[in-house]
Amino acid sequence: MTEEDLYISYKGIKLPKIAHTPESLKHFEEFTFRPDDVLIVTYPKSGTTWMQEIVPLILSGGDPASVETLHNWDRVPWLEEHRALVLNLEDRPSPRMFTTHFLDDMMPASFFAVKPKVIYVMRNPKDVFTSLFHYHVMASFLVNPVPQSEFLHKFLDGRVVFGTWFDHVKSWLNVGEGQQMLYISYEEMVKDLKDSVRRIAQFLEKPLDAEVVEQIANRCLFKNMKKNSMSNYSVVPCEIMDQTKSEFFRKGVVGDWQNQLTAAEAEYFDAVYKEKMKDVKYTFPWD
Ligand code: A3P
């Protein structure tokens, strides 16, 4: 199917029609935040599902009930998606947890007035590209990414869903004054998950015993989350996500781009990255 069939355009950004509708985008624009809301923000394939497991476990003090009984899309729903319309988010008790793939300047007015806590998860864009490529192979609501060289140009130009990785990261690195932000990377989480859980808990002002931190980190290991049917998308029909083509929990490693990109593609990627990120002061773990 073509992009016209599969995507809608919103504020110059392509979004998959399967989850985004004019009604869901209107609901998003009119959404009212509370100061104690927690918002997970990611560019796709940067560790969204992972954080949708970690944050509820931290806020529940390690109680696994919600991660064992609620699908990640209901547990920490995407605010821009159609599903948000049927979840009665207004009635949820505080602290509420949400997810978005949108850029900072796409957030609704209430977000800037209330300034809820934001956890921004970043990942090496070459690994994001690699993960996204395989996601496009298995998801029928995304265009075919073959040939890879063409998809790579689309990714670097932002002609993919949710726009360019570069604009996304830059927009969330340049948030307004007073915005409570935790910046954390996929790479840091892979390197030391316990320490990452500790940092996130501290940011959420939820003190946890060392033993609980350990339990949460253990539950959120790739091999354990992969088995959680509330998080591994196994209930999604294969006509929508065909996990025989590529699993949602695919590899969960750092540096898989080396198996995906040719030397010339990696070199081109680096050149574009250097140019687009030249004014960014933040030090990323992959730099
Ligand atoms: P790979 O395709 O590289 O394996 P998102 O949730 O933002 O869509 O990101 C999906 C990516 O995060 C996939 O990457 C997936 O395997 C990885 N992932 C999910 N949970 C993980 C975990 N607990 N540990 C490491 N990687 C994880």
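Quantities reported herein were computed from a predicted structural model and do not represent experimental measurements.

Draft legend 1. Structural detail: the overall build of the chain. The helix and strand tally for the chain stands at 14 helices and 6 strands. In terms of overall size, the chain behaves like a compact globule, its C-alpha atoms giving a radius of gyration of 18 Å where 287 residues would be expected to give roughly 19 Å. Taking all 287 residues of the chain together, the buried fraction comes to 57%. A sequence separation of at least 24 residues applies to 72% of the contacts in the chain between residues at least 6 apart.

Draft legend 2. Here's a closer look at helix H3 (residues 48-59). Taking 1.5 Å of rise per residue, 12 residues should cover 16 Å, and H3 covers 17 Å from first to last C-alpha, within 8% of that figure. When you tally the buried positions in H3, you get 12 out of 12 residues, the bulk of the element. All of the buried residues along H3 are Thr 48, Thr 49, Trp 50, Met 51, Gln 52, Glu 53, Ile 54, Val 55, Pro 56, Leu 57, Ile 58 and Leu 59.

Draft legend 3. View of the nonpolar core. Core analysis: the largest hydrophobic core is formed by 97 residues, its most contacted members being Met 51, Ile 54, Val 55, Ile 119, Phe 155, Trp 165 and Ile 200. By residue number, the principal contributor to this core is H3, which donates 7 residues. Dropping the residues within four chain positions of it, Ile 119 is found in contact with Val 38, Leu 39, Ile 40, Val 41, Met 51, Val 55, Leu 182, Ile 184, Ile 200, Phe 203 and Leu 204.

Draft legend 4. Structural view of the site of the ligand. For the ligand, the set of nearby residues contains 18 residues, the closest of which are Thr 48, Thr 49, Ser 131, Tyr 186 and Lys 251. In this structure, Thr 49 approaches the ligand through a side-chain N or O atom, which is 2.5 Å from an oxygen atom. At a threshold of 2 Å from the grid points, most atoms of the ligand map onto the largest pocket. Every element with two or more residues in the shell around the ligand is listed here: H3 and helix H13 (222-225). Here the shell around the ligand takes 3 residues from H3, the largest share from any one element. Per-class residue counts for the shell around the ligand are 8 nonpolar, 6 polar and 4 charged.

Draft legend 5. Focus on the pairing of strand E4 (residues 97-100). Covered by surrounding structure in E4 are Met 97 and Thr 99 together with Phe 98 and Thr 100, the residues of both alternating faces. Judged from the 4 bridges that link them, strand E3 (residues 38-42) and E4 form a sheet pairing that is parallel. Counted as the bridge partner of Leu 39 is Phe 98 from E4.

Draft legend 6. Region of the structure containing the pattern of salt bridges. One pass over the full model with this rule turns up 17 salt bridges. Across the pair Arg 83 and Asp 74 runs a salt bridge, and its minimum N-O distance is 2.7 Å. Using a relative accessible area of 37% as the deciding quantity, one classes Arg 83 as partly exposed. With a shortest N-O distance of 2.9 Å, Lys 278 and Glu 275 are connected by a salt bridge. Overall, the relative accessible area of 49% leaves Glu 275 in the partly exposed class. Several salt bridges share partner residues, and in doing so they unite Glu 3, Lys 14 and Lys 154 into one network.

Draft legend 7. Molecular detail of the environment of Gln 215. Here Gln 215 lies in helix H12 (residues 210-219). You can call Gln 215 partly exposed: its relative accessible area is 45%. Sequence separation between Gln 215 and Val 253 is 38 residues; the distance between their C-alpha atoms is 21 Å.

So, how was this worked out
Residues numbered from 1 in each chain as written. Predicted model: local features only at pLDDT ≥ 70, side-chain atom pairs only at ≥ 80, totals over all residues. Heavy atoms only, no water. Helix = DSSP H or I, 4+ residues; strand = E, 2+ residues; numbered from the N terminus. Rg over C-alpha atoms; globule rule 2.2 N^0.38 Å. Buried < 20%, exposed > 50% of the residue type's maximum accessible area, 1.4 Å probe, protein only. Contact = heavy atoms within 4.5 Å. Expected span 1.5 Å × (residues − 1). Core = buried A, V, L, I, M, F, W, Y, C linked by side-chain atoms within 4.5 Å. Near = heavy atom within 4 Å. Polar contact = N/O pair within 3.5 Å; in protein donor to acceptor, adjacent residues only side chain to side chain. 1 Å grid on protein atoms, 1.4 Å probe; cavity = no way out; pocket = protein on both sides within 12 Å on 5 of 7 lines; lining within 4 Å. Sits in = over half its atoms within 2 Å of the grid points. Nonpolar A, V, L, I, M, F, W, Y, C, P; charged D, E, K, R; others polar. Pairing = 2+ DSSP bridges. Salt bridge = Lys/Arg side-chain N within 4 Å of Asp/Glu carboxyl O.

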